[in-house]
Amino acid sequence: MPALALVTLVVRDYDEAVDFYTRALGFELAEDTDRGDGTRWVVVRPRGAGAHGTGLLLARAKGEAQAAAVGAQTGGRVGFFLHTDDFARDHARMTAAGVRFLEEPRHEPYGSVAVFEDLYGNRWDLLQPAGAGS
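Computed from a prediction, not measured in an experiment: that's the story for all the values here.

**Description of the packing of aromatic side chains**
Under the criterion given, the structure shown has seven aromatic pairs. The interplanar angle of 45 degrees and the centroid separation of 6.0 Å between the aromatic rings of tyrosine 21 and tryptophan 124 together place this pair among those described as tilted. On the criterion of sequence distance, the pair formed by tyrosine 21 in helix α1 (residues 14-24) and tryptophan 124 in strand β9 (residues 123-129) is long-range, its members being 103 residues apart. With a relative accessible area of 3%, tryptophan 124 lands in the buried category. Connected via pairs of aromatic rings, a cluster forms that spans Phe20, Tyr21, Phe27, Phe80, Phe101, Phe116 and Trp124.

Structure, rendered in structure tokens:
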């Protein structure tokens, strides 16, 4: 059965993106391979996702069209959903790491959620689904 392996996220700079996703969001650097032409194959995954869990391929923008898409890949909508089993823990850790939340945490029938932005302005949900974790 097919599984979603990677989602490409166009970034301004490899190193600043790796720093944000590993430090602020707590992801793991799964791969960082120099491709020999000035580009790199850079993959980050949520900690604990394993070698075959869905990850982000951080692709440095090439040209004006791609550079214009950095931070606006989903047209201002929430485009990424980061699930947690402990919303309060991860919200506090991310806030302390400088992640910018756009709203106070909400408790909805489907779970606890708050929208945040990554370093480029892409919108994400931090979400603890109802019945998950503590």
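Moving on from the coordinates now.
**Some words on the pattern of salt bridges**
If you walk through the whole model with that rule in mind, you get eleven salt bridges. A salt bridge links arginine 40 to aspartate 15, with the nearest nitrogen and oxygen atoms 3.0 Å apart. Here arginine 40, found in strand β3 (residues 40-46), pairs with aspartate 15, found in helix α1; they are 25 residues apart in sequence, far enough to count as distant. Connected through shared salt-bridge partners, Asp85, Arg89, Asp90 and Arg93 make up one network.

**Looking at the pairing of strand β8 (residues 111-117)**
Burial within β8 is extensive, with seven of its seven residues counted as buried. Judged by which residues are buried, β8 turns out to be covered on both faces: Gly111, Val113, Val115 and Glu117 on one side and Ser112, Ala114 and Phe116 on the other are all buried. Bridge count for strand β6 (residues 100-101) against β8 is two bridges, and the pairing is antiparallel. Considered in β8, the bridge of phenylalanine 101 is made with phenylalanine 116. Relative to β8, strand β7 (residues 106-108) is paired through three bridges, and the arrangement is antiparallel. Note on β8: the bridge partner recorded for glutamate 108 is glycine 111.

**Overview of the environment of leucine 56**
For leucine 56, the position within the fold is in strand β4 (residues 55-60). As for leucine 56 and glycine 131, which are separated by 75 residues in sequence, their C-alpha atoms are 27 Å apart. Non-local contacts of leucine 56, meaning those with residues more than four positions away in its chain, are made with Leu6, Val7, Leu9, Tyr21, Phe27, Val42, Val43, Val44 and Trp124.

**What to know about the nonpolar core**
Judged by nonpolar contacts, the single largest core of 27 residues is most densely connected at Tyr21, Leu58 and Phe116. When contributions to this core are tallied by element, the ones reaching two or more residues are β1 (6-11), α1, β3, β4, β5 (78-83), α3 (87-96), β8 and β9. When residues in this core are grouped by element, the largest group, six residues, is from α1. Every residue in contact with phenylalanine 116, bar those within four places of it in the chain, is listed here: Leu25, Leu82, Met94, Val99, Arg100, Phe101, Leu102, Asn122, Arg123, Trp124, Asp125 and Leu126.

Scoring rules and cut-offs
Residues numbered from 1 in each chain as written. Predicted model: local features only at pLDDT ≥ 70, side-chain atom pairs only at ≥ 80, totals over all residues. Heavy atoms only, no water. Phe/Tyr/Trp six-rings, centres within 6.5 Å; stacked < 30°, edge-to-face > 60°. Helix = DSSP H or I, 4+ residues; strand = E, 2+ residues; numbered from the N terminus. Buried < 20%, exposed > 50% of the residue type's maximum accessible area, 1.4 Å probe, protein only. Salt bridge = Lys/Arg side-chain N within 4 Å of Asp/Glu carboxyl O. Pairing = 2+ DSSP bridges. Contact = heavy atoms within 4.5 Å. Core = buried A, V, L, I, M, F, W, Y, C linked by side-chain atoms within 4.5 Å.

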